[in-house]
Amino acid sequence: MLFEAHLAAVETHGGRIARLVLENGDAIEAAMYVDASYEGDLLAAAGVSHHVGRESNAVYHEPLNGVHFGHPNHRAPLPRAGAGARFRRPGCLPDGLA
């Protein structure tokens, strides 16, 4: 993983990413690339179809996708008091939430 590495160019061959060139001149070749940028910088530079942000529920026909706070079908992301304590990882939740 590279931190503070800024993409300058992407080379593709046969619909696949072949090489990345960084602003400092370094070139990277790998069998697989992961775009961990905030807004999909690698995907955009490579011309890959992608979406930034949350897509509409209708895109993939998922009426209950994601977290919808205040929605009647919302499922709480945190365990309720007394339930699921065996799944709690030490230090993951503040006192009183498990």
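A. View of the overall build of the chain. What the chain contains, in helices and strands, is 1 helix and 3 strands. Along its sequence from the N terminus, the chain presents helices and strands in the succession β-β-β-α. Buried residues in the chain amount to 9% of all 98 residues. Partitioning the contacts of the chain with sequence separation of at least 6, the portion at a separation of at least 24 is 13%. Accessible surface, the chain as shown: approximately 8,200 Å² in total, 54% of it carbon and sulfur.

B. Highlighting the sheet that holds strand 1 (residues 7-13). One open sheet accounts for 3 strands, arranged 1-2-3; its pairing is antiparallel. With partners counted over all chains shown, the strands left at the sheet margins are strand 1 and strand 3 (27-28), one partner each. Across 2 bridges, the pairing between strand 2 (residues 16-22) and strand 3 is antiparallel. Counterpart to Val21 in the pairing with strand 3 is Ala27.

C. Molecular detail of the layout of surface pockets. The calculated volume of the largest pocket comes to roughly 610 Å³. Along the walls of the largest pocket sit 19 residues, with Leu2, Ala5, Val34, Ala36 and Ser37 positioned nearest its centre. For the lining of the largest pocket, the secondary-structure elements that each account for two or more residues are strand 2 and helix 1 (41-46). A per-class count over the lining of the largest pocket returns 14 nonpolar, 2 polar and 3 charged.

D. Spatial organisation of the environment of Asn65. Take Asn65: it is sitting in the segment after helix 1. Sequence separation of Asn65 and Glu55 is 10 residues, and the distance between their C-alpha atoms is 9.9 Å.

E. Representation of the confidence of the model for the chain within the structure. Looking at the chain as a whole, the pLDDT averages 78, with 65% of positions reaching at least 70. Of all the helices and strands in the chain, helix 1 carries the lowest mean pLDDT, 91, while strand 3 carries the highest, 96.

F. The arrangement of the pairing of strand 1 in detail. Sheet topology note: the strand 1/strand 2 ladder contains 6 bridges and is antiparallel. Directly across from Leu7, in strand 2, lies its bridge partner Leu22. Hairpin geometry of strand 1 and strand 2 is characterised by an intervening segment of 2 residues between the two adjacent antiparallel strands and by a positive phi of about 60 degrees at Gly14.

So, how was this worked out
Residues numbered from 1 in each chain as written. Predicted model: local features only at pLDDT ≥ 70, side-chain atom pairs only at ≥ 80, totals over all residues. Heavy atoms only, no water. Helix = DSSP H or I, 4+ residues; strand = E, 2+ residues; numbered from the N terminus. Buried < 20%, exposed > 50% of the residue type's maximum accessible area, 1.4 Å probe, protein only. Contact = heavy atoms within 4.5 Å. Areas by Shrake-Rupley, 256 points an atom, 1.4 Å probe, with all protein chains shown as cover. Pairing = 2+ DSSP bridges. 1 Å grid on protein atoms, 1.4 Å probe; cavity = no way out; pocket = protein on both sides within 12 Å on 5 of 7 lines; lining within 4 Å. Points joined across faces, edges and corners; volume = space filled by probe spheres on them. Nonpolar A, V, L, I, M, F, W, Y, C, P; charged D, E, K, R; others polar. pLDDT = per-residue confidence, 0-100.

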